[in-house]
Amino acid sequence: MQAYEFINNLIPPLKLSDRAGMALAWMEEIRIDSLPVSDQGKFLGFISDEVIFDRNDADQLIGSIELEAGACWVYSNKHIYDVLRVASEHQSNLVAVLDRENTYLGVVTMEDAISAFADSLSIKSQGSVLILSLFMTDYHLSEISRLVESENTKILSSFITNDPLDDSKIKLTLKLDKTELRHVKATLERFGYRVIDHYQEETGISGEEDRIGNLLRFLDI
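I will try to describe carefully the structure that is included in this document. (Residues numbered from 1 in each chain as written. Predicted model: local features only at pLDDT ≥ 70, side-chain atom pairs only at ≥ 80, totals over all residues. Heavy atoms only, no water.)

1. As for helix α5 (residues 141-149)
When α5 is considered as a whole, its buried residues turn out to be Ile144, Ser145, Leu147 and Val148. Taken down its axis, α5 places every buried residue within 160° of arc, on the same side. The elements touched by buried residues of α5 are β6 (128-135), β7 (155-162), β8 (169-176) and α6 (182-190). (Buried < 20%, exposed > 50% of the residue type's maximum accessible area, 1.4 Å probe, protein only. Helix = DSSP H or I, 4+ residues; strand = E, 2+ residues; numbered from the N terminus. Arc of directions from axis to C-beta. Contact = heavy atoms within 4.5 Å.)

So, in structure tokens, the structure goes:
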């Protein structure tokens, strides 16, 4: 799940000598709103169609336009999680990938990163999602897993986020392999765990849009 595995080779880098009109034509052709810019193998940043439209000069050289998100990159061996983190920090739909010599290798799109992230969290597997609120000191996944498994259910993956309603607590999101949650929920609550939400999936996930939607629901975004 390293960044270089998800480089999108259909997205070309612009050169400083390219013209704004050509950049817009490329964006329209591959249906994207920004492109990376590199010079002699070095990543310089991204340029958006909005910036080019504001300039209203198709002949203007890319090198004369101020670029954005020059720090929006990761090394090629970084995990896909790091790609998502950097994209979020820079509010970008693209993240550049560099090797250890800082040579530009390509970009990862947010769509590809989210799909990979969804796969890593078993989002596309049929089952259910259970969300607990608890103190970090009470977080013992082995104990929670034991209780879940006592109801003949397996934890496929887990994810921790901050609880926006209580800074002293975390939210633990569990993806389970069974759609029926009643007994698991009752067992966890009997042992003092607070279940704050749950989602039961009655059918498998079929399309990319469904997978992304289930990922966002899984993360409670």
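2. Some words on helix α3 (residues 80-90)
Think of an α-helix as 3.6 residues a turn; residues three or four steps apart then line up on the same face. Looking only at α3, the buried set comprises Ile80, Val83, Leu84, Val86 and Ala87. Projected down its long axis, α3 carries its buried residues within an arc of 165°, all on one side. Looking at α3, the residues exposed on the side facing more than 90 degrees away from the buried face are Ser88 and Glu89.

3. What to know about the environment of Leu130
Here Leu130 is to be found in strand β6. What makes Leu130 buried here is its relative accessible area of 0%. Sequence spacing of Leu130 and Tyr199 is 69 residues, and the spatial spacing of their C-alpha atoms is 6.6 Å. Residue contacts for Leu130: discarding those within four places in its chain leaves Leu172, Thr173, Leu174, Leu176, Leu181, Val184, Leu188, Val195, Asp197 and His198.

Function cannot be inferred from these measures alone, as they are strictly geometric.
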